[in-house]
Amino acid sequence: MHLRTLQFSIDTYLTHLSPIIPPSPLPYLPHQISHFLGYRAPSTPQNQPLGNVLVSLWAFLGAFVGLVAVAGLFEASWITERGGPLIVGSFGAAAVLQFNAIESPFSQPRNAILGQAIASLVGVGITKLFYLQPHSSTLTSSLTPHPTLAHSDAHEPPPYAALAAALAVAFSSMLMSLTGTIYPPAGATALLAATEPAIIGLGWLYPGVVVLGTVIMLATAMLVNNVMRRYPMYWWAPISASPKPEHRNGSDSTVNDEKGGDEEASLEGKLTSNAGNGGAGEERLVVSARDGVVVPRGLQLSGEEWRILRILEGRIIEVYGEDEQEDHDKEDGRSRSVEARGSGDNGLNRVETFNSTSTLRV
């Protein structure tokens, strides 16, 4: 395996934990609760997209309420006694993401919570290591800051603070990329942990404060964004890391994908592996708006490839789902499907829409 093509996906490893990962509880919660957690039942009609004027007004309201709520957290005595900041600057960027770009993967709870947690932990850890420099006069106080030392040397940046900040951001970026939790505001979270005196004084309390503030911002986003829109789009990933296998006839196996607990227009997330489709030496990938996705047995896909499949599923559902269901009700066994055929080394080279005159070639 060459470094150039080396892939790592934490979701792939989490699939092995599927027997112990419980299914999403969102479909079983009262509608009033699940609605504000981003869940939409398959029968829920889709709302007409909002114009940018109304979106901007909701974004204004959400950003204002969210930042005021987070700032209220920093007024708590257990933070002010340690000389904590008025607010962490990265929450400003977070507010823009979570009220303006609510469909972006960067705005979803997994990225927000885990990205901020990784960045704050890495930032504090690297800052502590830089305080271990032999010529640092703040070693003892920086490792065990006293609540009453709000403006003491315990709050001074470490030696070579710029280098510590750069290393904290770079290391956080690498970890977020490997774990699929990239969250742009977290870059500022890691940087401030090494450069901002008021934040340095919080020590290991900083990660807890950041994560708690992120949860408050997410709660505000769910309340505001779900009035006329939908947020979050998913909780963990578009493709669930906890598939539940079930058997069809013989060699077929079906995996249920909950799309983070949301089954809205999602085929109930069926991913099907079929070893007997197609002729000899031929691999087939079939996307059906009713039956799911059929892929060759043993085909290894990365997390990004699973996400692309999910997007393709959504598009097929949106365009063909209703018509295909009607056709199926009228004549059992008939369905409109999208089939991609590829042979051996050439991969996928054609996408055809059956019962339709349109053909897309890639």
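Above this text is the structure in question.
This report concerns the structure included in the present document.

Take the overall build of the protein chain next. In terms of helices and strands, the protein chain carries twelve helices and eight strands. Looking at the protein chain as a whole, 44% of its 362 residues qualify as buried. In the protein chain, the share of contacts with a sequence separation of at least 24, taken over all contacts with a separation of at least 6, comes to 65%. For the protein chain, the computed accessible surface area is about 19300 Å², with 61% contributed by carbon and sulfur atoms.

What follows is about the environment of alanine 71. On the secondary structure map, alanine 71 appears in helix H3 (residues 52-73). Sequence separation between alanine 71 and leucine 86 is 15 residues, and the spatial gap between their C-alpha atoms is 6.5 Å.

Moving on, we get to the environment of tryptophan 306. Here tryptophan 306 is to be found in helix H12 (residues 303-330). It is 9.7 Å that separates the C-alpha atoms of tryptophan 306 and alanine 237, two residues lying 69 residues apart in sequence.

This next bit is on the side chain of asparagine 225. Inspection of the secondary structure assignment puts asparagine 225 in helix H11 (residues 205-225). Classification of asparagine 225 as buried rests on a relative accessible area of 0%. Engagement of the side chain of asparagine 225 in a polar contact is seen with the backbone oxygen of glutamine 98, the distance being 2.8 Å. Once you skip the residues sitting within four places of it in the chain, asparagine 225 turns out to touch Gln98, Phe99, Ile102, Arg230 and Tyr231.

A separate point is the nonpolar core. With 41 residues, the main nonpolar core has Phe74, Val88, Phe99, Tyr183 and Tyr206 as its most contacted residues. Elements represented by at least two residues in this core include exactly H3, helix H5 (90-100), helix H6 (109-130), helix H8 (161-179), helix H9 (185-195) and H11. Here this core takes eight residues from H11, the largest share from any one element. Excluding anything up to four places from it in sequence, phenylalanine 74 contacts Ile79, Thr80, Pro85, Leu86, Ile87, Val88, Phe91 and Val209.

Checked against the element boundaries, asparagine 226 lands in the loop between H11 and strand E1 (244-247). Under the relative-accessibility criterion, asparagine 226 is labelled buried at 1%. With 191 residues separating them along the chain, asparagine 226 and histidine 35 place their C-alpha atoms 7.2 Å apart. Asparagine 226 has contacts with His35, Phe36, Leu37, Gly38, Arg40, Ala221 and Tyr231, leaving out every residue within four places of it along the chain. Separated by 2.5 Å, the side chain of asparagine 226 and the backbone oxygen of tyrosine 231 make a polar contact.

Of note, threonine 127 is situated in helix H6. Of the residues examined, threonine 127 reaches a relative accessible area of 3% and is grouped as buried. Not counting residues up to four positions away in its chain, the partners in contact with threonine 127 are Pro158, Ala193 and Ala194.

What follows deals with H8. Quick reminder: α-helices carry 3.6 residues per turn. Residues three or four places apart thus point the same way. In a regular helix each residue adds 1.5 Å, so 19 residues correspond to 27 Å; H8 covers 27 Å between its end C-alpha atoms and thus fits that length. Within H8, burial applies to Ala161, Ala164, Ala165, Ala168, Ser172 and Met176. Down the axis of H8, the buried side of the element spans an arc of 95°, and every buried residue falls inside it. Facing away from the buried side of H8, by more than 90 degrees, are the exposed residues Ala162 and Leu163. The secondary structure elements touched by the buried residues of H8 are H6 and H9. Directly beyond the C-terminal end of H8, a positive phi value near 65° is found at glycine 180.

Rules used in this analysis
Sequence order as written defines the numbering, with residues in each chain counted from 1. For this predicted model, a pLDDT threshold of at least 70 governs which residues receive local features, and a threshold of 80 or more governs which side-chain atom pairs are given and counted, while totals over whole chains, interfaces and linings are taken from all residues. The basis for the side-chain values is all heavy atoms of the structure; hydrogens and waters are excluded. Runs of H or I in DSSP of at least four residues are treated as helices and runs of E of at least two as strands, each being numbered from the N terminus. A 1.4 Å probe rolled over the protein chains alone gives each residue an accessible area, and that area as a share of the maximum for its type sets the label: buried under 20%, exposed over 50%, partly exposed in between. Note on contacts: a residue pair qualifies if any of its non-hydrogen atoms lie within 4.5 Å across the two residues. Residue exposure ignores everything except the shown protein chains as possible cover, and the areas themselves are Shrake-Rupley values with a 1.4 Å probe. Polar contact is the term for a pair of N or O atoms within 3.5 Å; when the atoms are in protein, one must be able to donate a hydrogen and the other to accept it, and sequence-neighboring residues count only if both atoms are side-chain atoms. Nonpolar cores are built from buried Ala, Val, Leu, Ile, Met, Phe, Trp, Tyr and Cys residues. Side-chain atoms within 4.5 Å join them into one set. Residue count minus one, scaled by 1.5 Å, sets the expected span of a helix. The arc in question is traced by the directions running from the helix axis to the C-beta atoms.

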